[in-house]
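Coordinate analysis (summary)
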Amino acid sequence: MHVMIFGCGYSGMAIAKAFAGENVRVSGTTRSAEKIEALRRAGIEAFLFDGETMEDRLVEALADVTHLVQSIAPGKADPLLRLFGENGASLPPGLEWIGYLSTVGVYGDHKGAWIVEETPCVPVSGRSKERLEAEEGWLAMGRERGVPAAVLRLSGIYGPGRNAFCNLEKGTARRLIKKDQVFNRIRVEDIGAATRFLSDQRLGGIYNVTDDRPGPPQDVIVEAARLMGVEPPPEQAFETAELTPMARSFYGENKRVSNAKLKAAGFEFSFPNYPMSLAQLWRDGCWRG
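Everything in this summary refers to the structure shown in the same document.

As for helix 5 (residues 126–145)
In this model helix 5 runs 29 Å from its N-terminal to its C-terminal C-alpha over 20 residues, within 8% of the 28 Å that 1.5 Å per residue would give. Within helix 5, burial applies to Ser128, Arg131, Leu132, Ala134, Glu135, Trp138, Leu139, Met141 and Gly142. Buried residues along helix 5 sit against strand 4 (67–70), helix 4 (79–84), strand 5 (97–103), strand 7 (149–154) and strand 11 (205–209). After helix 5 finishes, the residue Gly146 shows a positive phi value of roughly 70 degrees.

In C-alpha cells, the structure reads:
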C-alpha cells in the first residue's frame, strides 16, 4: 500500500499516523520547505508541491500510489483535478481509493436543523462553493476511473495543539454568545481513523465526519476552563464583538450535523463528544500537542 496525502497539514498528519504500519509507504506534500523536516521526522516521505506544478520526484512517487488523499483547499479550482485532467488519465495506474477532505460548510445555513448527507447544499461563502465544486469533481473522477471516491465533510477540527485549552493559555479564547447558535466538532484523530476505515472498506460517496454533540461554542470554552481550574473569559455579545470577516461568516451558518451514515457503515468514534474528549486531553497532558 502506498498512501499519498496532498496537503499534509494538521489533518494530513493524523491520517498519515492512521495508515502507518508494516508494508505501508506513506507520502505527503507541503508548500513549505520548513515543514519538510517535520514530515520526515513523522516517518512521512515528504515532497514540495505548490499546487501548480509537480516536481519529477513527486511524479515518480505517484506511479505506485494506491490510496490518494486530497486535503488542499481548492482556491479558484481544485489544483489536483486540473493537473490530473478531466478524465483522470494521469492518475496513478494502480489507484484503489480516493479520499477528499471537504467541510460541512457546503451545507450552508439551516437555522439549527439536523443535516444528513442528502440535505440540499446551499453554500454561503465562496470557499464553500469551491469545495462543493471540488467534491463533485472528485466523485466524477472516481466514477470515470472505476475507483471508490469518498468525500469526508469535516466539522470544526481540534485536537492536541489546537483546542480551547491552548486558546485559554494564550489568552485568545473568547466566549461569544449568539442566541441558539450551535456547531459540530471533530477530533483530529477521528479524521485519521475515519479516512483509514473508509479506505479499508473501499467505500465511496459522501460522509459527514463529525461528533455526536453539536453545541454552543461558548460551552466548550467554559468546560475547558473548568478542567483547567481557571475563570472563563467574560461573555461577549456576538452582534457587537469585533471579528474578522471569516470568523463572522462561520457564525452565519447554524446547523446540527448527523454522523449516522458513517456509524451505520460500522465506524466507531474514539472521541464522540467534546466533554469526554477535552477530559482526555487534559488528563493525559497531551493538549499542547
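A look at the side chain of Gln70
Mapping Gln70 onto the fold places it in strand 4. Of the polar contacts made by the side chain of Gln70, one reaches the backbone nitrogen of Ile72; its length is 2.8 Å. Here the side chain of Gln70 touches Asp78 through a polar contact of 3.1 Å, side chain to side chain. Those residues in contact with Gln70, other than ones at most four positions away along the chain, are Phe6, Asp78, Pro79, Leu80, Gly99, Tyr100, Leu101 and Trp138.

Description of the packing of aromatic side chains
Evaluated as defined, the whole model comprises eight aromatic pairs. Here Phe197 and Phe267 contribute two aromatic rings whose centre-to-centre distance is 5.6 Å and whose plane-to-plane angle is 55 degrees, an arrangement assigned as tilted. Taken together, the residues span a long stretch of sequence, with Phe197 in helix 7 (residues 188–200) and Phe267 in the loop between helix 10 (260–264) and helix 11 (274–284) at a distance of 70 residues. We note that Phe197, like Phe267, is buried. Three or more aromatic residues link up through ring pairs in this structure, and these residues are Phe165, Trp282 and Trp287. The ring of Tyr10 has Arg162 lying over it, and the distance from NZ or CZ to the ring centre is 4.1 Å. The lysine or arginine in question, Arg213, covers the ring of Tyr274, its NZ or CZ lying 5.3 Å from the ring centre.

Here we look at the sheet that holds strand 4
Strand order across the open sheet formed by seven strands is 3-2-1-4-5-7-11, with parallel pairing between neighbours. The open sheet has two edge strands with one neighbour each: strand 3 (45–48) and strand 11. If you compare each strand with its neighbour and ignore which way they point, the axes differ by 20 degrees on average. Inspection of the sheet shows strand 5 paired to strand 7 by six bridges, in the parallel sense. Across the sheet, Ile98 pairs through a bridge with Ala149, a residue of strand 7. Packing of helix 1 (residues 10–19) onto the sheet brings it into contact with strand 1 (2–6), strand 2 (25–30), strand 4 and strand 5, and relative to strand 1 it is tilted by some 175 degrees. Contacts from helix 2 (residues 33–41) reach strand 2 and strand 3 within the one sheet, and its direction differs from that of strand 3 by about 170 degrees.

Let's talk about the packing of helix 8 (residues 217–228) against helix 11
Running from amino to carboxyl end, helix 8 crosses helix 11 at an angle of 35 degrees, the nearest separation of the two axes being 10 Å. Crossing handedness for the pair helix 8 and helix 11: right-handed. Across from Asp219, Val220, Glu223, Ala224, Leu227 and Met228 in helix 8, the residues of helix 11 making contact are Tyr274, Leu278, Ala279 and Trp282. Looking at the contact of helix 8 with helix 11 residue by residue, the classes come out as eight nonpolar, no polar and two charged.

Calculation rules
Residues numbered from 1 in each chain as written. Predicted model: local features only at pLDDT ≥ 70, side-chain atom pairs only at ≥ 80, totals over all residues. Heavy atoms only, no water. Helix = DSSP H or I, 4+ residues; strand = E, 2+ residues; numbered from the N terminus. Expected span 1.5 Å × (residues − 1). Buried < 20%, exposed > 50% of the residue type's maximum accessible area, 1.4 Å probe, protein only. Contact = heavy atoms within 4.5 Å. Polar contact = N/O pair within 3.5 Å; in protein donor to acceptor, adjacent residues only side chain to side chain. Phe/Tyr/Trp six-rings, centres within 6.5 Å; stacked < 30°, edge-to-face > 60°. Lys NZ or Arg CZ within 6 Å of the ring centre and 35° of its normal. Pairing = 2+ DSSP bridges. Axes fitted to C-alpha atoms, helices over the stretch in contact; angles between N-to-C directions. Left-handed = near helix turned anticlockwise from the far one by under 90°. Nonpolar A, V, L, I, M, F, W, Y, C, P; charged D, E, K, R; others polar.

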